[in-house]
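What the coordinates show
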Amino acid sequence: MTLAVIVVRDGVLPLGADETVAEAGGAAVLVGTGVKEAAGELPSLSAGSLAENGTFAPGRWARQLARVLDAARILLPASPDGRDLAPRLAAELGRPLLAGAIRVTEQGAEVARWGGRVCVDLIADGPFVATLQPGVRGSAPAQETILQEIELPEVEAPDVTVVEVLDPEAGTVDLAEAPRIFGAGAGLGDAAAVELLGKVANAMGASLGATRVVTDAGWTGYQRQIGTTGVVVHPELYVAFGISGAAQHLGGLGDPAHIVSVNTDPSCPMTAMADLGIVADAPAVLAELARILEVR
Ligand SMILES: Cc1cc2nc3c(=O)[nH]c(=O)nc-3n(C[C@H](O)[C@H](O)[C@H](O)COP(=O)(O)OP(=O)(O)OC[C@H]3O[C@@H](n4cnc5c(N)ncnc54)[C@H](O)[C@@H]3O)c2cc1C
């Protein structure tokens, strides 16, 4: 049996929660605060166990969950909390952790490595814990949903002390979770312009993304690459600077509510699909934005 474990904070689900539940065939334990409210936001959920369990404490939760979970395959979204809890849960259960899966099989998982360039089949010798990359599969609504409330056992466990939860910095937030992204394309011309775009994006509460041409040129790191061989993103706003809009790039773009394209070519696919197309020199537009925002 496969079972999803979903961490809920104040009724808010992590990115990739519904996909993880779908990959687990609809069975999930929701643990945290506001779990009942969160269950209503999971269309794929068919059999949900709801554990209202206080503030996120990965050490204690791992020990509590390990006492009650016996599913052969336990799957968490590769969200920040999921990546925090999964290895501790695997250790408590004495199981291997298959991190960053794009698909789970009976025996193990297919995982993406080398920035998504290589897919590797990992075979676990028995039960395992895995994390599922957000954005790699769809989900379908369950025909019916059965929910039950459960209580996790009290345990003693060493744990982290949460002093304060800070909002993520736009420039360093996990790209897959960024609500606003400024994308750097070959039309920006050089590494300095890409670096400046990152600063301008940060000043406007957005994250830096890039095309493969830009990452292959070494103008920014591969972790910023959006596309079929990069990160799959789901921003509300995407501002593309000098990006042609190749299928392999658009394949990772999700369905942004708003797209702006700055490009000298008014008929390139990126501008054609944009809500606002700015036909102009991208480095010049960027320099003007930096001047207005006093970014150097
Ligand atoms: C197997 C495979 C996997 C791939 N995976 C990915 C992937 O994951 N992600 C990805 O992004 N790509 C991927 N690619 C590459 C992809 O096919 C494109 O080559 C790439 O996305 C193009 O990047 P670009 O838009 O920056 O460059 P280009 O296609 O070269 O476009 C540059 C754009 O800049 C514009 N421009 C030029 N000068 C200016 C200026 N001064 N001001 C404004 N605009 C200007 C041009 O009009 C053009 O539209 C993959 C390719 C293959 C074969």
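As a reminder, the structure under discussion sits directly above these lines.
Figured I'd write up the structure that's included with this text. (Residues numbered from 1 in each chain as written. Predicted model: local features only at pLDDT ≥ 70, side-chain atom pairs only at ≥ 80, totals over all residues. Heavy atoms only, no water.)

This part is about the site of the ligand. Taken together, 25 residues are adjacent to the ligand, and Ala186, Thr211, Thr229, Ser244 and Asp281 come closest. Note that a nitrogen atom of the ligand is positioned 2.7 Å from one of the side-chain N or O atoms of Thr229. At a separation of 2.6 Å, a nitrogen atom of the ligand approaches a polar side-chain atom of Asp281. Burial of the ligand by the protein amounts to 69% of the accessible area it has alone, namely 980 Å². (Near = heavy atom within 4 Å. Polar contact = N/O pair within 3.5 Å; in protein donor to acceptor, adjacent residues only side chain to side chain. Areas by Shrake-Rupley, 256 points an atom, 1.4 Å probe, with all protein chains shown as cover.)

Looking only at helix H3 (residues 58-68), the buried set comprises Pro58, Gly59, Trp61, Ala62, Gln64, Leu65 and Ala66. On its buried face, H3 sits against strand E1 (2-8), strand E2 (27-32) and helix H4 (80-93). (Buried < 20%, exposed > 50% of the residue type's maximum accessible area, 1.4 Å probe, protein only. Helix = DSSP H or I, 4+ residues; strand = E, 2+ residues; numbered from the N terminus. Contact = heavy atoms within 4.5 Å.)

As a further point, take the nonpolar core. Membership of the largest hydrophobic core comes to 23 residues, with the highest contact counts inside it found for Val5, Leu65, Leu69, Ile74, Leu76, Leu85 and Leu89. Every element with two or more residues in this core is listed here: E1, E2, H3, strand E4 (73-77) and H4. Dropping the residues within four chain positions of it, Val5 is found in contact with Val29, Val31, Leu65, Leu69, Ile74, Leu75, Leu76, Pro77 and Leu85. (Core = buried A, V, L, I, M, F, W, Y, C linked by side-chain atoms within 4.5 Å.)

Counted residue by residue, strand E10 (residues 180-184) has four buried out of five residues, so it is predominantly covered. Strand direction decides the pairing type here: E10 and strand E12 (residues 237-241), joined by five bridges, are parallel. Within E12, the position partnered with Ile181 by the bridge is Tyr238. Of the pairings in the sheet, the one linking E10 to strand E11 (residues 207-210) comprises four bridges and is parallel in character. Following the sheet pairing, Phe182 is matched in E11 by Leu208. In this region the chain leaves E10, passes through helix H5 (residues 191-203) and returns to the parallel neighbour E11; the handedness of that crossover is right-handed. (Pairing = 2+ DSSP bridges. Right-handed = clockwise from strand over helix to strand, strands pointing away.)

Take a nonpolar patch on the surface next. On the surface, Trp114, Val118 and Val120 cluster together into a nonpolar patch covering about 320 Å² of accessible area. Mapped onto the secondary structure, Trp114 falls in the loop between strand E6 (108-113) and strand E7 (118-123). (Patch = residues over 30% accessible without salt bridge, like charges linked within 9 Å, V, L, I, M, F, W, Y side chains within 5 Å. Salt bridge = Lys/Arg side-chain N within 4 Å of Asp/Glu carboxyl O.)

Now for the side chain of Gln64. As for its placement among the helices and strands, Gln64 is situated in helix H3. Of note is the side chain of Gln64, whose polar atom sits 2.8 Å from the side chain of Asn53. Beyond its immediate sequence surroundings of up to four residues, Gln64 is in contact with Asn53, Leu152, Pro153 and Val155.

This paragraph deals with the sheet that holds strand E3 (residues 47-52). The nine strands lie next to each other as E7-E6-E5-E8-E4-E1-E2-E3-E9, forming an open sheet whose pairing is mixed. Looking at strand neighbours, the two that pair on one side only are E7 and strand E9 (146-149), the edges of this open sheet. Each strand axis lies, on average, 35° off the axis of its neighbour in the sheet, ignoring direction. Here strand E5 (residues 97-104) runs beside strand E8 (residues 128-132); their pairing, made up of three bridges, is parallel. (Axes fitted to C-alpha atoms, helices over the stretch in contact; angles between N-to-C directions.)

For the coordinates displayed, the defined rule picks out 10 salt bridges. Arg9 is paired through a salt bridge with Asp81; the nearest N and O atoms lie 2.7 Å apart. Here Arg9 is found in the loop between E1 and helix H1 (17-23), whereas its partner Asp81 is found in helix H4, with 72 residues between them in sequence. Overall, the relative accessible area of 15% leaves Asp81 in the buried class. One salt bridge connects Lys199 with Glu195, and the closest N-O pair in it is separated by 3.9 Å.

Turning our eyes to something else, we now look at the side chain of Ser44. Its place among the elements puts Ser44 in the loop between helix H2 (35-39) and E3. Residue classification places Ser44 among the buried positions, given a relative accessible area of 4%. A polar contact is formed between the side chain of Ser44 and the backbone oxygen of Ala140, at a distance of 3.4 Å. If sequence neighbours within four positions are ignored, Ser44 has contacts with Asp18, Val21, Ala22, Gly26, Ser139, Ala140, Pro141 and Ala142.

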